[in-house]
Amino acid sequence: MATSAGWDSLCEKFRSAVSLSYVESKNDPETEPYRSKYAARELLEGVKQLLASEEAEGAPGDGQEGDGEAERLQAVREAVVEYELGANYTDTQECSAGEEHLVKCVKLLERHRLSRECVSLYIQAQNNLGILWSERGDIQAAQTYLESAEALYNQYMKENGSPPLDTNEHFMPQEEKLTDQERLKRFEKVCTHTLYYLAQVYQHLDLTEKAAQYCHTTLKRQLEYSGYSPVKWALNAATLSQYYLTKQCFMESRHCLAAATVIFAQAGQVLSVEDDETEQDQQDLQQRKAEIARCWIKYCLNLLQGARKLLEDNIGELDPDRQSELIAQRKTEEDEKEKGRKKAVLFGTSDLCDSILAMEDKVSCVFPLDFQEAREVFLVGQNYVSEAKEFFQVDGYVTDHIEIVQDHSALFKVLAFFEDDYERRCKMHKRRIDMLEPIFVGLNPQYFLLLRRQLQFELADTYYEMMDLKVAIGNRLEELDSHTIKKINSLAQLAIKYYELFLDSLRNPDKVFPETLEEDVLRPAMVAKFHIARLYGKLITSDGIKQLENMQTSLEYYTFLVEYCEKHTDAVPSIEIELELSKEMVVLLPTRMERLRAKLSSS
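Residues numbered from 1 in each chain as written. Predicted model: local features only at pLDDT ≥ 70, side-chain atom pairs only at ≥ 80, totals over all residues. Heavy atoms only, no water.

**Structural notes on the pattern of salt bridges**
Two side chains that carry opposite charge are able to pair once their charged atoms sit near each other.
Part 1 of the argument: Inspection of every chain in the model, using the stated rule, returns 33 salt bridges.
Part 2 of the argument: The residue Glu12 makes a salt bridge to Arg15 at a minimum N-O spacing of 3.0 Å. One end of the pair, Glu12, and the other, Arg15, are both in helix H1 (residues 4-22), 3 residues apart, so they sit about a helical turn from each other.
Part 3 of the argument: When its relative accessible area of 43% is taken as the criterion, Glu12 is described as partly exposed.
Part 4 of the argument: You can call Arg15 partly exposed: its relative accessible area is 26%.
Part 5 of the argument: Here Glu403 makes a salt bridge to Arg294, at a shortest N to O gap of 2.8 Å. Taken as a pair, Glu403 in helix H16 (residues 398-418) and Arg294 in helix H12 (residues 279-311) lie far apart in primary sequence, 109 residues in all.
Part 6 of the argument: Three or more residues are tied together by salt bridges with common partners; here these are Asp166, Glu182 and Arg186. (Salt bridge = Lys/Arg side-chain N within 4 Å of Asp/Glu carboxyl O. Helix = DSSP H or I, 4+ residues; strand = E, 2+ residues; numbered from the N terminus. Buried < 20%, exposed > 50% of the residue type's maximum accessible area, 1.4 Å probe, protein only.)

Take a look at the structure:
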C-alpha cells in the first residue's frame, strides 16, 4: 500500500506541472515558447505512470472509502491528469494528441459525471473539446460538446446543487482544500465559459438571437462571480448593444451601453494605480473608450432615425396627425415601461446596478416625438462624437474619423426633420456642409475613392435638401426677390456639381460611363441622375433660351433613366418611384418646350 510520503510526492509533482503550465510558461523566451509546457508534460506523464502503478493504487483518500468510492476516486485522479495532458498538447498546437487525452478524460468520468468529485472536470473537458472542434471548423461537433456540457450543469444543479470539487483539489493536501464558497465560484466560472463558447458557436451558425441571449447571460454571470476583465467586458457589452439596435430593442441596447460605460471606468481606476503603466496601455484605454463612444453615437442615431420612420408621411415630412396619435399613446407606453424593464436581463446588483441605472437616465430609450425630445437625444450623441474624435483624429485614423463625422452629419440631418422652422432647418444642413466639405477636399482620390463617393453623394443630397427648403420659403412670399432666386440657383448648382462628381467617379479610365452599373452603385447613380434632372428644372432664369437649355438637359437625364431601365429590367425594383416620375416627365417636357419655343418665336 502506498505510503503517505509517496502520495505527497506525487501530489507535489502534479502541482509543479500545473505551475509550469499556467504560471512559469508566461515567462518563456520567444525562442522557446513552449519550454515550460514541455517540462510540465514530462511531469504529468510521470504522475500518470505512478497512478497506474500498484503503489499509487493504494494512495490515501479523504476517508474510509468503499470499493465504489475508491474506484471513482481513482478514475477522477487519472482523468485529471488526462485533462491536463489534453490541455497541454492543445496549447502546443498538437491538437490530435490533445483530443486523444481529453476523450480519455471524458470516458474515465462518464459513469461518475454527476458526482460532486467529477462534474466540474467533465464539463471542462467537454468545453475544451468544443473549442478544439470549433478551431478545426467543425461547428456542429463543437455545438454537441458544449450543449452537452450545459445540459450536465443544469442537471447537476437541479438534482444535487452542492458545490463540486475543483479539478486541482484531487491533488491538494487536506488543509489546502477549498471552501464551499470558493468551489461554487469556480464551478460557476466553468459554466460561464460553456455559455461564452456557445455564444460564439451560435454566432457561427447564424443563430444571432440565441447568440445574443447567451452573450448577455455570460456577461451577467461574469459580473455576478467577478470573473472578468473590465475592458473586455465593456467592449463585449457595447458590441452586444449594437445587436439589440438591429432589433430595435433600445431599452436593452441602452442597458448594455450604460453597463459598458460604468464597468469601463473600473479599468481606468486599475490602470491609474499600477506602477508599470505604460504610454501604450494608456493609448489602448483611450481607444477602447472612443470605441464605446462610437457605439453610443449609433444608439442615438438609430433612436432618432427610428422615430423619423414612425412620424414621416409619404413625402418624408413630419405627419402632425401621426405625431398627435403617438403622443396620446405615450402614457400607455410609460405604464408598460416597467414590464419591459423586467424582461431585460439586468446587469449587476446593488451599487453597480444603481450606477448603471443612473447612466441610463441620461438618455431616453423611447422614440422622441417632438423637437425638444429629439434635441435631447441629439445632444447626447453629439457629446459622444466629441469624445470619439479625441482619439480618432484625422491624422492617423482617416477612415474612422470620417465615419464619425458622417454620423455627426446624420445626427443633424435627422434632428432637422423635427424642426418646423425652414430657416433653422437650413442652418442645420449648413452645419453638415461645413463639416463634410473640408474633409472631402483633403481626401486623395487615389486612396479614398469609396469615401469620396460617399461624401460627394451626401454633399449633393444636403445641397439638394437646402435648395428644396429655400424653394418652400420662396413659395410663401408674394414675389420672389433677387436674393432668394440667387440662393436657390446657387444651391441647385452646388448640388448638381457634387452629383456630377459622384457620377464621374463611376466612369472608366477613358471617361466612359458604364453601360451596366454595379449593384452597390445602381440606386445612388440613378437617384443622382433623377435629382440632376429635377434640379435643372428648378433653376430660375428670365432668359428664355437658357430656360430651354435647362429643360433640354433635364429631359436628357430623365430619358437616360428610362432607357437604362428598359435595357436593364432588373434595375426597376431599385428605382420604381423615380422611374415612374421620369416616364411622366419624358412625355410632358417636350410639350412644354414646344410651348416655350412658340412663345419665344412670337415675341
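**Comments concerning the nonpolar core**
Part 1 of the argument: Grouped together as the largest cluster of nonpolar side chains are 125 residues, with contacts concentrated most on Tyr299, Phe418, Tyr499 and Leu517.
Part 2 of the argument: In terms of residues, this core owes the most to one element, H12, which gives 14 residues.
Part 3 of the argument: Dropping the residues within four chain positions of it, Tyr499 is found in contact with Phe457, Ala460, Asp461, Tyr464, Ala528, His531, Ile532 and Leu535.
Part 4 of the argument: By size, the runner-up hydrophobic cluster in this structure holds 48 residues, among which are Val119, Tyr122, Tyr153 and Phe187. (Core = buried A, V, L, I, M, F, W, Y, C linked by side-chain atoms within 4.5 Å. Contact = heavy atoms within 4.5 Å.)

**Topic: the packing of helix H5 (residues 95-109) against helix H6 (residues 119-135)**
Part 1 of the argument: In the contact formed by H5 and H6, the axes pass within 9 Å of each other and the chain directions differ by 150 degrees. One way to sum up the angle between H5 and H6 is to call them roughly antiparallel. For the element pair H5 and H6, the recorded crossing hand is left-handed. Between H5, through Cys95, Gly98, Glu99, Leu102, Val103, Cys105, Val106 and Leu109, and H6, the contact on the second element is made entirely by Leu121, Tyr122, Ala125, Asn128, Leu129, Leu132 and Trp133. (Axes fitted to C-alpha atoms, helices over the stretch in contact; angles between N-to-C directions. Parallel < 35°, antiparallel > 145°, perpendicular 65-115°, else oblique. Left-handed = near helix turned anticlockwise from the far one by under 90°.)

**Notes on the side chain of Ser21**
Part 1 of the argument: With respect to the helices and strands, Ser21 occurs in helix H1.
Part 2 of the argument: On the basis of relative accessibility, which here comes to 5%, the residue Ser21 falls in the buried class.
Part 3 of the argument: If we skip the residues at most four places from it in the chain, Ser21 touches Lys37, Ala40 and Asn88.

**Regarding the side chain of Asp407**
Part 1 of the argument: Note on placement: Asp407 falls in helix H16.
Part 2 of the argument: In contact with Asp407, not counting residues within four places along its chain, are Ile297, Lys298 and Leu301.

**Description of the packing of helix H9 (residues 208-224) against helix H10 (residues 230-246)**
Part 1 of the argument: Direction vectors running N to C along H9 and H10 enclose 150 degrees, while the axes themselves pass 10 Å from each other. Taken together, the axes of H9 and H10 lie roughly antiparallel to each other. In this structure, the crossing between H9 and H10 has a hand that is left-handed. On the side of H9, the interface is formed by Thr208, Glu209, Ala212, Cys215, His216, Leu219, Gln222 and Leu223, while H10 contributes Trp233, Asn236, Ala237, Leu240, Tyr243 and Tyr244.
Part 2 of the argument: A class-by-class count of the residues in the contact of H9 with H10 yields 9 nonpolar, 4 polar and 1 charged. (Nonpolar A, V, L, I, M, F, W, Y, C, P; charged D, E, K, R; others polar.)

Note that every value here comes from positions in space, so none of it alone points to a role or purpose.
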